[in-house]
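Close look at the chain arrangement
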Amino acid sequence: MKVAIFGGSFDPVHLDHIKIAKTLVYELCLDKLYIIPTFIAPHKKNMGAVSGEHRLNMLKLAFEGEDKIEVSDYELMKQGVSYSYQTVEHFYDTLKPEKLYFIVGSDMLENFPTWKYPERILDKASLVLVERRNGENQDDKAIIAIKSLYDKGVTTVKVHGETVSSTKLRVYLKLGLSLDGLTDKKVEDYIKSNGLYKGDKYYEYIAKNIPEKRKYHIAGVILTAISLAKKLGADEKKAELSALLHDVAKYENLSNFPNFSLPSETPKDIVHQYLGEYIAKTVLEVLDNEVLTAIKYHTTGRPNMSLLEKIIYVADIIEPSRKFLGVEELRQEIKKDFFKGFKICLEEIVEFLLKTGTEVYPLTLDALNYYKEN
Ligand SMILES: [Fe+2]
Ligand SMILES: [Fe+2]
């Protein structure tokens, strides 16, 4: 019997999980694939996940009718921190399979040597890496490290296509967007009928006051900002909140805010960054000055921007729903070197404004000149 175990938080299960599971069954000629939601992922101790019971129920709905895929409550019942070596030994001892595979993702493989008793996992199971990156293979180093440390190979299974993440699903849900194409319809219905993944008061405000079309842009900015913050060591929560609120004033009328004073000669397209900061502060009671300035300068930029301001400025330009000519090159520059990429964004925006005969806002020119030298 050939068996594989595939663990994760599945918070919630999404279409890529489903695609990966089916691909694994096929590619590895499995008799059974066990999907195992973790009780507490050791590296995510403080993440506010929905209960294990809900995650388990959603997985069962997602894999209903798949006779080679079984959802296991082993780690949830065991409680406490879930260590993979214990799960591997449990499945090995109870099933006595001819072959046991342990499924890992790219990020997990890199850290594998730091796990608890990695050699005990490798003693009973073979590692299978799910390669989700299209084209480029960046996992060779980790595979070579495992080979030299433990003298074990790693099987690679490629799963092509767009990558979805549970974070994306949670953001969509909090913004009140549909999960069409992101997860199984039964899972979406379950989430809705149980009222899971509700947003805080800031998400509620945006969900209620912003048109649907703009919400896709906001979701894109949030996800881009979170991933940049993670990569650059910035505060992910602040990045999420600033991105969520950056366009809060886009559809507001100045006349509704008689106490708000706008800097003189502010062009129409730029008003919303100033008014946005004002609404965040006075209506939504955001007190964090870093978040407030990230909103306040997201369109124009300014000299000497904080890291968070740069993240929001860049995320607004390169988020996935942006389609302008050259955006893909900008994404690549940002990926290669964020700080250099940021300057390129600034330069290209100015170039675009000049080309289209739009007057460049003085603060943007100040920023451009500042970053030529800094
Ligand atoms: Fe904006
Ligand atoms: Fe925006």
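Residues numbered from 1 in each chain as written. Chains lettered and ligands numbered in written order. Predicted model: local features only at pLDDT ≥ 70, side-chain atom pairs only at ≥ 80, totals over all residues. Heavy atoms only, no water.

Below, the discussion takes up the coordination of the iron ion (ligand 2). The coordination sphere of the iron ion (ligand 2), as far as protein atoms go, consists of His 217 (NE2), His 246 (NE2), Asp 247 (OD) and Asp 316 (OD), spread over 2.2 to 2.3 Å. Classification of the site at the iron ion (ligand 2) rests on its 4 donor atoms, whose angles at the metal span 81 to 175°, yielding the label irregular. One chain supplies every donor to the iron ion (ligand 2), and in sequence these donors are spaced H-x28-H-D-x68-D. A distance of 3.4 Å spans the gap from the iron ion (ligand 2) to the iron ion (ligand 1), which Asp 247 bridges by coordinating each metal. A residue pair is termed long-range when its members are at least 10 positions apart, and His 217 in helix H11 (residues 212-232) and Asp 316 in helix H15 (residues 307-318) qualify at 99 residues. With respect to class, His 217 is no different from Asp 316; both count as buried. (Donors = N, O, S within 2.8 Å, 3.2 Å for Na, K, Ca; no water. Tetrahedral: all angles 85-135°; square planar, octahedral: opposite > 155°, others 65-115°. Helix = DSSP H or I, 4+ residues; strand = E, 2+ residues; numbered from the N terminus. Buried < 20%, exposed > 50% of the residue type's maximum accessible area, 1.4 Å probe, protein only.)

All right, on to the domain arrangement of the chain then. Per the domain assignment, the segments of the chain are domain 1 (2-163) and domain 2 (209-373). The distance between the C-alpha centroids of domain 1 and domain 2 comes to 38 Å. (Domains from an automatic or database assignment.)

Moving on to the coordination of the iron ion (ligand 1). Looking at the iron ion (ligand 1), one finds its protein donor set to be Asp 247 (OD), His 272 (NE2) and His 298 (NE2), positioned 2.1 to 2.2 Å from the metal centre. In primary-sequence terms, the residues that donate to the iron ion (ligand 1) follow D-x24-H-x25-H.

Within the fold, Lys 116 resides in the loop between helix H5 (106-111) and helix H6 (118-124). In sequence terms Lys 116 and Pro 211 are 95 residues apart; their C-alpha atoms lie 47 Å from each other. Not counting chain neighbours up to four residues away, the residues in contact with Lys 116 comprise Tyr 83 and Tyr 85. (Contact = heavy atoms within 4.5 Å.)

Here the focus is unusual backbone geometry. The residue after Asp 11, namely Pro 12, is reached through a cis peptide bond having omega 0°. When you line up the elements, Pro 12 lands in the loop between strand E1 (2-8) and helix H1 (15-27). In this structure, Glu 285 is a non-glycine residue whose phi angle is positive, near 55°. You can see Glu 285 is positioned in the loop between helix H13 (268-282) and helix H14 (289-296).

Here we come to helix H8 (residues 166-174). Within the span of H8, buried status applies to Ser 166, Leu 169, Arg 170, Val 171, Tyr 172 and Leu 173. Summarising the contacts, the buried residues of H8 are in contact with H1, helix H9 (185-193), helix H10 (201-209) and H11. Gly 176 sits one or two residues past H8 and shows a positive phi near 75°.

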